[in-house]
Amino acid sequence: MIRVWKTTLKLRMIFGFILILIFGGLLISKAFDLQMIEGRRLRMLAREQFRTNVYFTPERGNIYSSNGSILAASVNVPGIAVDPLMVGHKLKNAEKLSKVTGISYAKIIKILNRRIQFAWIKRRVSGQTAKNVEKQGIAGVIIVKQPVRYYPNGTLLAHVLGFVGIDDNGLSGIEYKYNKFLKGNKRALKVLHDGLGQYIFVRGFGLKKATHGDNIYLTINKQLQFITQYYLDKEAKAAHSKGAFAILMDPNTGAILAMADYPYFNPNRYWKYSAGYWRNRAVTDDFEPGSTMKPFVVAAALSEGIVKPDTIINCYHGTYSLDGITVHDVENWFGRFSVNQIVEYSSNVGECQIGLKFKKSQLYKWFSLWGFGHTPHAGLLGEAKGIIKPLSEWSEVGPCEMAFGQGISVTGLQEMAGLSAIANGGRMIKPYIIKKIVNAYGKVIYKAKPKYLKRIITSKVDKEVKYMMRLVVKDGTGQYSNLIDFKVSGKTGTGQIADPKTGKYYKNRYTASFMAFVPYRHPELAMLVVQQEPSKIGYYGGAVSAPVVRSVFKNALNILNVYPGGNAYIKQSKTDANFKAGLVAATGGADNTPAAVSGVMQDLKGDTIYKALKVLKQYRLDVKVSGSGYLYYQSIKPGTDAGNGKVIVLKFRPGKYYSSANLKSTKKAKSKK
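Residues numbered from 1 in each chain as written. Predicted model: local features only at pLDDT ≥ 70, side-chain atom pairs only at ≥ 80, totals over all residues. Heavy atoms only, no water.

Here we come to the state of the cysteines. Two cysteines, two sulfur atoms, one covalent bond between them: this is a disulfide. If you walk through the whole model with that rule in mind, you get one disulfide. Between the sulfur of Cys-352 and that of Cys-400 lies a disulfide, 2.2 Å long from S to S. Its S-S torsion of about -110° marks the bond between Cys-352 and Cys-400 as left-handed, since a negative value means left-handed. Pair noted here: Cys-352 is in helix α13 (residues 348-356) and Cys-400 is in helix α15 (residues 398-403), with a separation of 48 residues, a long-range link. By relative accessible area, which is 0% here, Cys-352 ends up buried. Judged by relative accessible area, Cys-400 falls into the buried class, the value being 0%. (Disulfide = S-S within 2.5 Å. Helix = DSSP H or I, 4+ residues; strand = E, 2+ residues; numbered from the N terminus. Buried < 20%, exposed > 50% of the residue type's maximum accessible area, 1.4 Å probe, protein only.)

Attention now moves to the packing of helix α11 (residues 294-303) against α13. Working note: a packed helix pair is described by the angle between its axes plus the distance between those axes. At a closest axis distance of 10 Å, the pairing of α11 and α13 adopts a crossing angle of 40°. With respect to α13, the element α11 is oriented oblique. Crossing of α11 against α13: the hand is left-handed. Here Lys-294, Val-297, Val-298 and Ala-301 of α11 lie close against α13, whose contacting residues are Asn-348, Glu-351 and Ile-354. Within the contact of α11 with α13, the residues separate by chemical class into four nonpolar, one polar and two charged. (Axes fitted to C-alpha atoms, helices over the stretch in contact; angles between N-to-C directions. Parallel < 35°, antiparallel > 145°, perpendicular 65-115°, else oblique. Left-handed = near helix turned anticlockwise from the far one by under 90°. Contact = heavy atoms within 4.5 Å. Nonpolar A, V, L, I, M, F, W, Y, C, P; charged D, E, K, R; others polar.)

Another aspect to go through is the environment of Leu-248. Along the chain, the position of Leu-248 falls in strand β9 (residues 243-249). Note on Leu-248: relative accessible area 0%, which makes it buried. On a C-alpha basis, the gap between Leu-248 and Met-416 in space is 8.5 Å, while along the polypeptide they are 168 residues apart.

Core analysis: the largest hydrophobic core is formed by 90 residues, its most contacted members being Leu-218, Ile-256, Met-259, Phe-367, Trp-370 and Leu-380. Structurally, this core is a two-domain feature, drawing no fewer than three residues from each of domain 2 (59-159) and domain 3 (224-559). Residues contacting Phe-367, with those up to four places away along its chain left out, are Met-293, Val-297, Phe-372, Ile-388, Trp-394, Met-402 and Ile-408. Core analysis: the next-biggest nonpolar cluster, separate from the first, contains 53 residues, Ile-227, Phe-486, Ala-556 and Ala-642 among them. (Core = buried A, V, L, I, M, F, W, Y, C linked by side-chain atoms within 4.5 Å. Domains from an automatic or database assignment.)

Here is the structure:
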């Protein structure tokens, strides 16, 4: 019996030992798996679950103008942070903090009751508020300074620069497009947190080193930007335009010297403006260019041998019908014009017939060569490529309409690239706005160089088109851009605006534009001004956009030290001084605000737009301009009362040699022959 019991016990012991070995082996195997095979992965999971980083934003890179003036910078702004575990007498201290910060008591007590060691009470406060908080001497409450974006020039170049959000990410413009360069690396404070995500320990963990963001230098000349924005704003307000933009460029390099937009906004307080204010119209908005398309089409026609500058084309006295459409000119006396005159006086009928001489594929090719329908890639946010219909969708009258800028949409940046090609001798050049990028250690990591794409017109054709555009300013539709000492070449444009719902043109909505370069033979500057839906003064580019170009050119040439020579410069200085003196005498002050003038209206017939408006500065009148060239009609008759508050309508027609009297004398001479 004893022997049986011993045998049974022995078997039980052996069986138990075997079980222990099996379970022990399994445990060792599992431990080996957890420690050696899965250990690394599990340790990473543990760290992810219980450790995190609290980020502190590094200083964002600055944005500079071409000569090193700061356009966007970061300034240290104080914020209020707290370690709730260190704060005693929470109710009392929450009340103190609420009084000095203006934050609700309920919100602060909620923060102080959290079981964590770091929390923000408010990220951005004034310097005075920060001082008031420090005076309270509350243990656990600290002032943390963080960089915040600041634009020292306010509205200047706002649409190009864009702005930065509270998380230090660019939200618009250069700030958004080049965010990865400007932002730099964040500082991170490593912390532990519990399963609920609450911070439980911060002391003893390292601080990652922050890297300052890269600095960006633009091609923008700050002085030129200021005068461009000033004159655009002034004229857009006078014309009651819904929107406007201007681009000033070096046509020889493609560098964008100024880019202005109206209406403006302040990026320091961007949230106070609707999103419609933020876009950069010069690159995002496409529009029907109207007659500014004519030089490009004429240059193509000359290159293809379709016409010559002296080719005579019948303009049918301003009305021409074909295939269900009727093309109109501003004037009804346009008869047989040379190609030079078609551009000079901006005849739609004449340009239509030049367009019809092209094969559709031919004209489509030339639009592409000029850059229309392609993104310019100038380094700006939101660059559009315009709208050119596929060849399969062109109607029979398509080449006619597109030749004078209807049925095709372009952007301001595209037109500037094409204009620069005419100005620089026929070479297409890539516009650009980033001059260089410099890292935090002063090393240049990117530097722009002018990029010439291709020559698209010969030197001979280029000179012929330059001359035509010179005639536009000298005696044609762009006379209000004339300068005393410099010869300006340009082209006016008045584009119709289509209703997106019906596809038909509005009867009273237009885009008024003017593009030009100076000096005429060897241009240093090229400029485009576009006003969207002007409702006062007039809606022609020569009336509302050319004055901006004239004012900017006049000041910019002086800033850039481009002078025509001693005597001419003295002459212009004297003329300007006399003109200003006249204004002071008329106003009784130097603020250029016309005072009330009693008396009769002067006879303005035969005056240019510039001369007529100069005379009318002495009257408080609303002026509406129609046509271009020389004045032949004024609604307030000479010798009648010119009282204040009235509206005067001025009508102009091109060419002294094409007045009604001259036309009659010419007809008589022909009849005698």
